[in-house]
Amino acid sequence: MTGQLATRTRICAGWNIYNTLAGAGDLTGDGRADLVGRDASGVLWLYKGTGNATTPYANRTRIAGGWNLYNTLVGAGDLNEDGKADLVGRDASGVLWLYKGTGNATAPYANRTRIGGGWNVYNTLI
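Numbering of residues begins from 1 in every chain and follows the order in which that chain's sequence is written. Local features in this predicted model are restricted to residues of pLDDT 70 or higher, and side-chain atom pairs are both shown and tallied only at a pLDDT of 80 or more, whereas totals for entire chains, interfaces and linings draw on every residue. The basis for every side-chain value is the complete set of heavy atoms in the structure, and neither hydrogens nor water enter the calculation.

Visitor: Can you walk me through the environment of tryptophan 45 in this structure?
Guide: By the secondary structure assignment, tryptophan 45 is in strand S3 (residues 44–47). Burial classification: accessible surface area is computed with a 1.4 Å probe over protein chains only, and a residue below 20% of its type maximum counts as buried, one above 50% as exposed, and the rest as partly exposed. Overall, the relative accessible area of 14% leaves tryptophan 45 in the buried class. On a C-alpha basis, the gap between tryptophan 45 and leucine 98 in space is 17 Å, while along the polypeptide they are 53 residues apart. Among residues more than four places away in sequence, those in contact with tryptophan 45 are Tyr18, Leu35, Val36, Gly37, Asp39, Arg60, Thr61, Arg62 and Ile63. Under the rule applied, a polar contact is a pair of N or O atoms within 3.5 Å (in protein, one hydrogen donor and one hydrogen acceptor; residues adjacent in sequence only if both atoms are side-chain atoms). Reaching out from tryptophan 45, the side chain makes a polar contact with the side chain of aspartate 39 at a distance of 3.0 Å. Runs of E in the DSSP output that reach at least two residues are strands. Runs of H or I that reach at least four are helices, and both are numbered from the N terminus. The criterion used for residue contact is that any of the two residues' heavy atoms lie within 4.5 Å.

And the structure:
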């Protein structure tokens, strides 16, 4: 039948420590989808994909702090067509910022670049 999902699989408990989760694409360049999560103190964490359906993510690694200045984070794919997954953040004033992917798991994003303002007219970015 179309439109049906497979039975859900529990990954692990404790994900409520994050106020944002974003499917980040392949941040590490290993061909597996990764995930980022931002905790309440503004630290962004990387969960590297494993390719294993029962344990899809490796233990988390810290990316950096200060990410609480964004009210929205979106794993936007490869926006600059360099073959690396990028991340977009929107700040409280509605400015959208691009973090270009580096392909390096220890420093997955380059310094931010301003995309433009006025993005606060949207209540959700997907």
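Visitor: For this particular structure, what's the right way to read the sheet that holds strand S8 (residues 109–116)?
Guide: Whether parallel or antiparallel, the strands of a sheet pair through hydrogen bonds between backbone atoms. Here a strand pair is declared whenever DSSP counts at least two bridges between the two strands. The antiparallel open sheet is built from four strands, whose spatial order is S5-S6-S7-S8. At either margin of the open sheet sits one strand with a lone partner, and together these are strand S5 (70–77) and S8. The sheet shows a mean angle of 25° between the axes of neighbouring strands, taken without regard to direction. With four bridges joining them, strand S6 (residues 86–91) and strand S7 (residues 96–101) adopt antiparallel strand pairing. Across the sheet, the residue bridging to leucine 87 is tyrosine 99, located in S7. Think of each axis as a best-fit line through the C-alpha atoms, taken over the contacting stretch in the case of a helix, with angles from 0 to 180 degrees between the N-to-C directions.

Visitor: Before we go on, may I ask you to explain the layout of surface pockets in this structure?
Guide: Over the atoms rolls a probe the size of a water molecule, and its path tells where empty space is left. By volume, the largest pocket amounts to about 160 Å³. As defined here, a cavity is a set of points on a 1 Å grid over the protein atoms alone where a 1.4 Å probe fits but cannot get out. A pocket is an open set with protein on both sides within 12 Å along at least five of seven lines, and residues line them when an atom is within 4 Å of a point. Ile11, Cys12, Trp15, Tyr47 and Ala58 are the residues nearest the centre of the largest pocket, which is lined by 15 residues in total. Among the residues making up the lining of the largest pocket, the classes are represented as 10 nonpolar, four polar and one charged. Grid points are joined across faces, edges and corners, and a volume is the space filled by probe spheres set on the points. Side-chain classes follow a simple rule in which Ala, Val, Leu, Ile, Met, Phe, Trp, Tyr, Cys and Pro form the nonpolar group, Asp, Glu, Lys and Arg form the charged group, and the remainder, Gly included, forms the polar group.

Visitor: Teacher, can you tell me more about the environment of glycine 103 here?
Guide: Residue position: glycine 103 is located in the loop between S7 and S8. Accessibility expressed as a relative area gives 28% for glycine 103, which makes it partly exposed. Sequence separation of glycine 103 and threonine 28 is 75 residues, and the distance between their C-alpha atoms is 4.7 Å. Residues in contact with glycine 103, not counting those within four places in the same chain, are Leu27, Thr28, Gly29, Lys84 and Pro108.

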